[in-house]
Amino acid sequence: LFVEADLAPGLVLPLDRAQANYLINVLRRGEEDPVLVFNGRHGEWRTRLVAKGRKDGELHCVDQARPQTGLPDLHYLFAPLKSARLDYLAQKAVEMGAGLIRPVLTRYTQGDRVNLDRLRANTIEAAEQCGILAIPGLAPPARLPDALAALEPERLLVFCDEDAPIADPVCALRGAADPAAPPPLAVLVGPEGGFSEEERETIRARPNTVALSLGPRILRADTAAVAVLALVQAVVGD
Ligand code: SAM
């Protein structure tokens, strides 16, 4: 369970009604079952549930179960999609090892009003679900040139380009990022309407960028996102 509060022995964490209901009535946790919590900073802690009614309770911090872990050094840049698909993208990015998530506003972006609070809630939910203890960073939406300029020069940008020559993406990635000593990485996926020609030139002009084909079919942006993140994870690892 994610909590915003600091974690230390003896600290009491009040539960809101939804959390209390979930623990007491849905999971039917008793006082003897430790409830694991994390806040993204202090590792994972065992707590004891003290129920004070059917939808009221608090958690008492006992001890640290797992030390804090870091985040993979992988930036996930994506052109926002309509809200439900954006939720999906944020969750998949966290599950697939993104350490930083940045919406990139491009000419054909459809969902350009990005609700960062909603995005953060999705990253927290995904972190809870996949058992990671750190919450990926959320960078504010940026126009494409600014997002590219914000990348460190040594960061290899993997640009998902359906017009790139259809070559073996694993070889292409291995050739650009030595798995034995992988550079910091960023992946970039375009909007449903694709990148404009001018945007493509801007992306390709960036040194330390590899345009990657994910095969002969045009994938939906969210499919491409999962595919390239899975590929990066398989070739380069966390
Ligand atoms: N330009 C596409 C078209 O002609 O319909 C629309 C873009 S596609 C729906 C959304 C994004 O997914 C693209 O900008 C690209 O980043 C990625 N993508 C889709 N298919 C891909 C492929 N076969 N290889 C690499 N990237 C792909």
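The written sequence of each chain sets the order in which its residues are numbered from 1. Confidence filtering applies because this is a predicted model: local features only for residues at pLDDT of at least 70, side-chain atom pairs given and counted only at 80 or more, and all residues used for totals across whole chains, interfaces and linings. The basis for every side-chain value is the complete set of heavy atoms in the structure, and neither hydrogens nor water enter the calculation.

A run of DSSP states H or I qualifies as a helix once it reaches four residues; a run of E qualifies as a strand once it reaches two. Both are numbered from the N-terminal end. The length a helix should cover is 1.5 Å for every residue beyond the first. Taking 1.5 Å per residue as the helical rise, helix α2 (residues 83-95) with its 13 residues ought to reach 18 Å, and the 18 Å between its terminal C-alpha atoms agrees with that figure. Relative accessibility decides the category of a residue: with a 1.4 Å probe and only protein chains considered, values under 20% of the type maximum give buried, values over 50% give exposed, and everything between is partly exposed. Residues of α2 that are buried: Leu86, Asp87, Leu89, Ala90, Gln91, Ala93 and Val94. We call two residues in contact whenever any of their non-hydrogen atoms come within 4.5 Å of each other. Residues of α2 that are buried in the fold lie against β5 (74-78), β6 (100-105), α3 (116-130) and α7 (221-235).

A separate point is the UniProt feature "domain: Ribosomal RNA small subunit methyltransferase E PUA-like" (unreviewed entry) in the protein. UniProt positions are given in the numbering used here, feature names are shortened, and annotations may be inferred rather than shown by experiment. Residues given the UniProt feature "domain: Ribosomal RNA small subunit methyltransferase E PUA-like" (unreviewed entry) here are residues 15-55. Taken end to end, residues 15-55 comprises 24% helix and 37% strand; its first and last C-alpha atoms sit 9 Å apart.

What follows deals with the site of the ligand. Being near a molecule or strand, for a residue, means having at least one of its heavy atoms within 4 Å of it. What surrounds the ligand is a group of 17 residues, the closest being Cys160, Glu162, Leu214, Arg217 and Leu219. Leu219 has a polar backbone atom sitting 2.9 Å from a nitrogen atom of the ligand. In the complex, 84% of the free accessible area of the ligand, which totals 570 Å², lies under the protein chains. Polar here means any residue other than Ala, Val, Leu, Ile, Met, Phe, Trp, Tyr, Cys and Pro, which are nonpolar, and Asp, Glu, Lys and Arg, which are charged; Gly is therefore polar. Residues belonging to the shell around the ligand are distributed by class as follows: 9 nonpolar, 4 polar and 4 charged. Any pair of N or O atoms that falls within 3.5 Å is considered a polar contact. Within protein, one atom must be able to donate a hydrogen and the other to accept it, and sequence-neighbouring residues count only if both atoms are side-chain atoms. Only the protein chains shown count as cover for residues, and all accessible areas are computed by the Shrake-Rupley method using a 1.4 Å probe.

You will see that Arg28, though not glycine, has its phi angle at about 50 degrees, which is positive. By secondary structure assignment, the location of Arg28 is in the loop between α1 (17-26) and β2 (34-38). Relative accessible area serves as the criterion here: at 66%, Arg28 is assigned to the exposed category. Even without being a glycine, Asn208 presents a positive backbone phi close to 60 degrees. On the secondary structure map, Asn208 appears in the loop between α6 (197-205) and β11 (209-212). Judged by relative accessible area, Asn208 falls into the partly exposed class, the value being 34%.

Moving on to the nonpolar core. By convention a nonpolar core is built from buried Ala, Val, Leu, Ile, Met, Phe, Trp, Tyr and Cys residues, the set being connected through side-chain atoms within 4.5 Å. Tyr76 and Val228 are the most contacted members of the largest nonpolar core, which totals 34 residues. Every element with two or more residues in this core is listed here: β5, α2, α3, β9 (156-160), β10 (185-189), β11 and α7. Non-local contacts of Tyr76, meaning those with residues more than four positions away in its chain, are made with Leu89, Ala93, Ala98, Leu100, Ile101, Arg102, Val187, Val189, Ala225 and Leu229.

Here, a salt bridge means any side-chain nitrogen of Lys or Arg that lies within 4 Å of a carboxyl oxygen of Asp or Glu. Taken as a whole and judged by the stated rule, the model has 18 salt bridges. A salt bridge links Asp87 to Arg118; the shortest N-O distance between them is 2.5 Å. With Asp87 in helix α2 and Arg118 in helix α3, this pair connects stretches of sequence that are 31 residues apart. By relative accessible area, Asp87 is classed as buried at 16%. Using a relative accessible area of 37% as the deciding quantity, one classes Arg118 as partly exposed. Salt bridges sharing common partners tie together Asp161, Glu162, Asp163, Glu197, Arg200 and Arg204.

The disulfide criterion is simple: two cysteine sulfur atoms within 2.5 Å. Tallying each qualifying case throughout the model produces 0 disulfides. Sulfur of Cys171: no disulfide; nearest cysteine sulfur belongs to Cys160 and is 17 Å away. Overall, the relative accessible area of 49% leaves Cys171 in the partly exposed class.

Think of each axis as a best-fit line through the C-alpha atoms, taken over the contacting stretch in the case of a helix, with angles from 0 to 180 degrees between the N-to-C directions. Interhelical geometry of α2 versus α7 gives an angle of 0 degrees and a closest axis separation of 10 Å. One finds that α2 runs roughly parallel with respect to α7. On α7, the residues that touch Arg85, Tyr88, Leu89, Lys92 and Ala93 of α2 are Asp222, Ala225, Val226 and Leu229. Roughly parallel means an angle under 35 degrees; roughly antiparallel, over 145; roughly perpendicular, 65 to 115; everything else is oblique.

On to the sheet that holds strand β1 (residues 12-14). Sheet architecture is open: 4 strands sit in the order β1-β4-β3-β2, paired in antiparallel fashion. The open sheet has two edge strands, β1 and β2, and neither has a second partner. The average undirected angle you get between the axes of adjacent strands in this sheet is 40 degrees. Here β1 runs beside strand β4 (residues 56-66); their pairing, made up of 3 bridges, is antiparallel. Each bridged residue has a counterpart across the sheet, and for Pro14 the counterpart in β4 is Glu58. At least two DSSP bridges between two strands are required for those strands to pair.

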